[in-house]
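Residues per chain are reported as follows:
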Amino acid sequence: MMRSHYCGQLNASLDGQEVTLCGWVHRRRDHGGVIFLDIRDREGIAQVVFAPEHEDVFNKADRVRSEYVVKVTGTVRLRPEGAVNPNMASGEIEVDASALEVLNQADTPPFPLDEHSEVGEETRLRYRFIDLRRPEMAEKLKLRSRITSSIRRYLDDNGFLDVETPILTRATPEGARDYLVPSRTHAGSFFALPQSPQLFKQLLMVAGFDRYYQIAKCFRDEDLRADRQPEFTQIDMETSFMDEDDIMAITETMVRNLFKEVLNVEFGEFPHMPYSEAMRRFGSDKPDLRIPLELVDVADQLTDVDFKVFSGPANDVKGRVAALRVPGAGSMPRKQIDDYTKFVGNYGAKGLAYIKVNERALGVEGLQSPIVKFIPEANLNTILDRVGAVDGDIVFFGADKASVVNDALGALRIRLGHDLELLTCQWAPMWVVDFPMFEENDDGSLTAIHHPFTSPKCSPEELKAAPQTALSRAYDMVLNGTELGGGSIRIHDRKMQQTVFEILGISEEEQREKFGFLLDALKYGAPPHGGLAFGLDRLVMLMTGANSIREVIAFPKTQSAACVMTQAPGEVDSKALRELHIRLREQAKVE
Ligand SMILES: Nc1ncnc2c1ncn2[C@@H]1O[C@H](COP(=O)(O)OP(=O)(O)OP(=O)(O)O)[C@@H](O)[C@H]1O
Ligand SMILES: N[C@@H](CC(=O)O)C(=O)O
Ligand SMILES: [Mg+2]
Ligand SMILES: [Mg+2]
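Residues numbered from 1 in each chain as written. Chains lettered and ligands numbered in written order. Predicted model: local features only at pLDDT ≥ 70, side-chain atom pairs only at ≥ 80, totals over all residues. Heavy atoms only, no water.

A. Geometry of the UniProt feature "binding site: L-aspartate" (unreviewed entry) in the chain. UniProt records the feature "binding site: L-aspartate" (unreviewed entry) for Glu174, Arg220, His450 and Arg490 in the present numbering. Within the secondary structure, Glu174 is located in the loop between strand 6 (161–162) and strand 7 (180–182). Discounting chain neighbours no more than four positions away, the residues touching Glu174 are Gln195, Ser196, Gln198, Arg220 and His451. Looking at where Arg490 falls in the secondary structure, it is placed in the loop between strand 21 (482–489) and helix 13 (494–503). (UniProt positions renumbered as here; feature names shortened; annotations may be inferred. Helix = DSSP H or I, 4+ residues; strand = E, 2+ residues; numbered from the N terminus. Contact = heavy atoms within 4.5 Å.)

B. The arrangement of the UniProt feature "domain: Aminoacyl-transfer RNA synthetases class-II family profile" (unreviewed entry) in the chain in detail. Feature annotation in UniProt places "domain: Aminoacyl-transfer RNA synthetases class-II family profile" (unreviewed entry) on residues 141–556, given in this structure's numbering. The annotated region residues 141–556 carries 34% helix and 21% strand content, and the separation between its end C-alpha atoms amounts to 13 Å.

C. Region of the structure containing helix 4 (residues 135–157). When the terminal C-alpha atoms of helix 4 are compared, their 33 Å separation across 23 residues agrees well with the 33 Å that a helix rising 1.5 Å per residue should span. Here helix 4 has its buried residues at Met137, Ala138, Lys140, Leu143, Arg144, Ile147, Thr148, Ser150, Ile151, Tyr154 and Leu155. Those residues of helix 4 that are buried lie in contact with helix 2 (121–126), helix 3 (128–131), strand 9 (211–219), strand 10 (231–240), helix 6 (244–263) and helix 15 (536–544). Phi turns positive one or two residues past the end of helix 4, at Gly159, with a value near 80°. (Expected span 1.5 Å × (residues − 1). Buried < 20%, exposed > 50% of the residue type's maximum accessible area, 1.4 Å probe, protein only.)

D. Broad picture of the sheet that holds strand 6. Taken in spatial order, the 8 strands of this open sheet run 6-9-10-22-21-20-17-11, and their pairing is mixed. The sheet is open, and its two borders are formed by strand 6 and strand 11 (272–274), each paired with just one other strand. Alignment of strand 9 against strand 10, held across 9 bridges, turns out to be antiparallel. Of the residues in strand 10, the one forming a bridge with Gln214 is Asp236. On the sheet, helix 7 (residues 275–282) packs against strand 11 and strand 17 (429–433) and is oriented at approximately 80° with respect to strand 11. (Pairing = 2+ DSSP bridges. Axes fitted to C-alpha atoms, helices over the stretch in contact; angles between N-to-C directions.)

E. Fine view of the site of ligand 1. Close to ligand 1 lie 16 residues; Arg220, Glu222, Arg228, Glu483 and Arg538 are nearest. Note that a nitrogen atom of ligand 1 is positioned 3.0 Å from one of the backbone N or O atoms of Gln229. In the environment of ligand 1, an oxygen atom lies 3.4 Å from a nitrogen or oxygen atom belonging to the side chain of Gln234. Notes on ligand 1: free accessible area 570 Å², of which the protein chains cover 89%. Among the elements that make up the shell around ligand 1, the one with the highest residue count is strand 21 (3 residues). Taken together, the residues that form the shell around ligand 1 break down as 4 nonpolar, 4 polar and 8 charged. (Near = heavy atom within 4 Å. Polar contact = N/O pair within 3.5 Å; in protein donor to acceptor, adjacent residues only side chain to side chain. Areas by Shrake-Rupley, 256 points an atom, 1.4 Å probe, with all protein chains shown as cover. Nonpolar A, V, L, I, M, F, W, Y, C, P; charged D, E, K, R; others polar.)

F. Geometry of the packing of aromatic side chains. Counting across every chain of the model gives 15 aromatic pairs. Plain terms: the ring middles of Tyr127 and Phe129 are 6.2 Å apart, the flat faces sit at 75° to each other, and that makes the pair edge-to-face. For Tyr127, a relative accessible area of 25% puts it in the partly exposed group. What makes Phe129 partly exposed here is its relative accessible area of 46%. Aromatic pair Phe310 and Phe397: ring centres 5.9 Å apart, planes at 45°, arrangement tilted. Separated by 87 residues along the polypeptide, Phe310 in helix 8 (residues 308–314) and Phe397 in strand 16 (residues 394–401) bring together distant segments of the chain. The rings of Phe259, Phe267, Phe270 and Trp427 are connected pair by pair, giving a single aromatic cluster. Arg415 extends its terminal NZ or CZ atom over the ring of Phe343, reaching a point 5.0 Å from the ring centre. (Phe/Tyr/Trp six-rings, centres within 6.5 Å; stacked < 30°, edge-to-face > 60°. Lys NZ or Arg CZ within 6 Å of the ring centre and 35° of its normal.)

G. Focus on the nonpolar core. Grouped together as the largest cluster of nonpolar side chains are 41 residues, with contacts concentrated most on Ile147, Leu155, Phe259, Phe534 and Leu539. Secondary structure elements with two or more residues in this core: helix 4, strand 10, helix 6, strand 17, strand 20 (474–479), strand 21, strand 22 (529–535) and helix 15. Not counting chain neighbours up to four residues away, the residues in contact with Ile147 comprise Leu258, Val262, Leu536, Leu539, Val540 and Met543. (Core = buried A, V, L, I, M, F, W, Y, C linked by side-chain atoms within 4.5 Å.)

H. Here's a closer look at the confidence of the model for the chain. With 99% of its residues at a pLDDT of 70 or more, the chain has an overall mean of 96. Overall fold confidence for the complex sits at a pTM of 0.95, while the interface term, ipTM, reaches 0.96. (pLDDT = per-residue confidence, 0-100.)

I. Quick look at the state of the cysteines. In the structure shown here, the tally under the stated rule is 0 disulfides. Here Cys7 is not disulfide-linked; the sulfur of Cys22 is the nearest cysteine sulfur, at 8.7 Å. Among the residues examined, Cys7 registers a relative accessible area of 0% and is labelled buried. In this structure Cys22 comes out as buried when scored by relative accessible area, which is 10%. (Disulfide = S-S within 2.5 Å.)

J. Just the pairing of strand 13 (residues 319–326), in detail. In terms of burial, strand 13 is a largely internal element, 7 of the 8 residues being buried. As defined by bridge partners, strand 12 (residues 295–297) adjoins strand 13 across 3 bridges and the pair is classed as antiparallel. Each bridged residue has a counterpart across the sheet, and for Leu295 the counterpart in strand 13 is Leu324. The pairing of strand 13 with strand 16 spans 8 bridges and is classified as antiparallel. Note that in strand 16 the partner of Ala323 across the bridge is Phe397.

K. Examining the side chain of Thr165 more closely. By the element assignment, Thr165 lies in the loop between strand 6 and strand 7. A polar atom in the side chain of Thr165 sits 3.0 Å from the side chain of Gln214. Leave out the neighbours within four places in its chain, and Thr165 touches Pro197, Phe200, Leu204 and Gln214.

L. Structural detail: the site of ligand 2. Around ligand 2, 13 residues are found, and the nearest of them are Glu174, Gln198, Lys201, His450 and Arg490. At 2.6 Å from an oxygen atom of ligand 2 is found a side-chain nitrogen or oxygen belonging to Lys201. If ligand 2 stood free it would expose 270 Å²; the protein chains cover 93% of that surface. Looking at the shell around ligand 2, the elements that each hand over two or more residues are helix 5 (198–206), strand 21 and strand 22.

Written as structure tokens, this is what we have:
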């Protein structure tokens with residue numbers, strides 16, 4: 001090895017010792033004839049001093065530039081008092097250089113690494129190998145590595161076998177579009193990249209492996225958000241002969257251990273909340289329980305009012321009218337309310353009604369609001385009592401299709417929580433349970449809320465009779481308003497699986513064609529089984545406090561699902577296309 005220590009390992013206990021460091025020149029400063037080089041490696045930065053007395057070494061140091069790769073030998077010594085840098089791991093010491101070797105030169109980097117400079121993300125991604133040299137980026141990837149090793153240790157200790165599953169496979173429905181790979185040897189046919197290893201892990205249970213895990217790459221062509229990538233990593237698990245409580249318990253312990261080991265955070269209870277309650281109280285299936293605000297239904301007080309905006313949804317079975325009280329925010333300026341009105345507009349809300357509660361004792365006179373004139377005083381009082389409004393509060397209202405009210409007020413609740421700094425704790429983990437099996441599309445057809453292999457809580461006959469209201473044996477782990485993972489008890493009965501396919505409108509022929517291997521497997525002794533998959537990138541994002549999933553992935557894709565560094569996806573030459581039996585449609589001629 002060329003080095004004796006990492007820069008970040010040096011400390012006062014090494015005083016007087018000779019060390020050899022290898023790394024990059026982070027910063028070079030000239031101070032009255034003395035040259036200081038900050039040398040950086042993965043573990044940190046060390047200050048190396050070149051005095052003019054060692055003329056040869058001094059002259060070499062004079063010629064190095066930022067990001068040169070160097071090897072330095074010298075003696076550790078304590079910094080003079082006043083020069084100690086408490087923000088640096090090696091801040092108590094410096095290295096008095098006796099030798100310097102330039103291992104490689106470097107052009108001036110496209111952006112500076114020494115301070116928090118404003119660099120566009122596109123540039124950072126283009127030169128990711130330089131961006132990742134920045135200590136804060138290295139820290140995130142180091143934490144990611146500690147997270148995966150903690151998880152692997154836990155799963156290994158608990159009898160989970162790490163098994164790899166194919167990347168070139170068939171469609172695995174998880175609700176996104178597939179990434180397709182053309183086959184050369186089967187002209188006109190395509191592989192799909194897995195959206196998850198779902199069916200393979202189920203087949204491993206049929207094969208008797210009992211407990212499986214994999215840190216698995218998944219591919220989904222879907223709308224990207226701050227917490228979504230087209231290619232991401234799951235901590236994927238499956239077990240046999242366990243029910244939902246067992247699976248939630250074993251995975252909850254894994255997450256508890258992880259947070260304790262890596263962040264020294266101890267979680268309290270994980271509440272279990274039915275989906276219907278989460279939607280009713282928080283307008284979301286992944287509520288952020290750090291925020292002490294709740295939606296309250298008030299439609300029953302508004303069915304007869306002479307105000308269509310409220311009475312319409314109040315009388316519609318698919319409508320919802322809900323109130324959101326914000327304690328002590330009654331002095332919120334008009335401008336801020338206008339901002340929030342625009343904000344809920346992004347979620348489809350046509351407006352944002354509100355009541356400022358100035359002085360309840362004065363009745364309607366004590367309320368400031370564009371809508372109170374439409375609502376009888378008795379109903380107003382019932383509403384304000386129900387939400388617990390007191391003087392100084394503001395109450396917002398959403399009235400629309402239930403889905404719009406949930407999305408809009410759910411998002412407003414989170415926004416208010418952050419804007420008004422209402423967060424009651426740092427971490428709020430929970431389980432959401434009792435999801436419906438299906439959701440209804442506009443054309444009346446049904447889509448599986450989890451995936452079509454999820455077991456319902458009822459018999460095939462009951463499911464067929466009332467699919468819209470059937471509940472599933474699915475569960476999601478939610479942390480701070482982010483879905484960390486989700487899973488379910490699977491269907492292990494062939495008849496039940498066929499019933500679900502049928503309800504989803506998948507014909508027998510299509511079932512055989514797409515899922516014949518699964519239906520076969522269910523004939524040959526499939527055990528009761530179930531599992532769960534966590535999004536590793538999301539977990540790391542929360543644990544590092546990063547604000548985008550791209551910050552915790554070494555080489556992420558952009559919002560438009562491209563890699564600006566390698567320029568992928570790229571064109572291929574016509575020979576390769578011919579071999580794949582693919583002809584590109586002619587580009588429309590530009591006039
Ligand atoms: N595109 C993605 N990018 C990053 N992580 C993802 C993505 N899709 C899913 N995950 C992670 O994988 C886990 C299990 O996948 P699942 O199919 O339940 O996701 P999902 O419910 O579609 O997620 P969401 O709707 O929140 O994107 C999710 O809880 C999430 O943590
Ligand atoms: N494979 C599922 C998770 C699970 O149910 O295990 C998914 O990615 O959604
Ligand atoms: Mg999804
Ligand atoms: Mg999910």
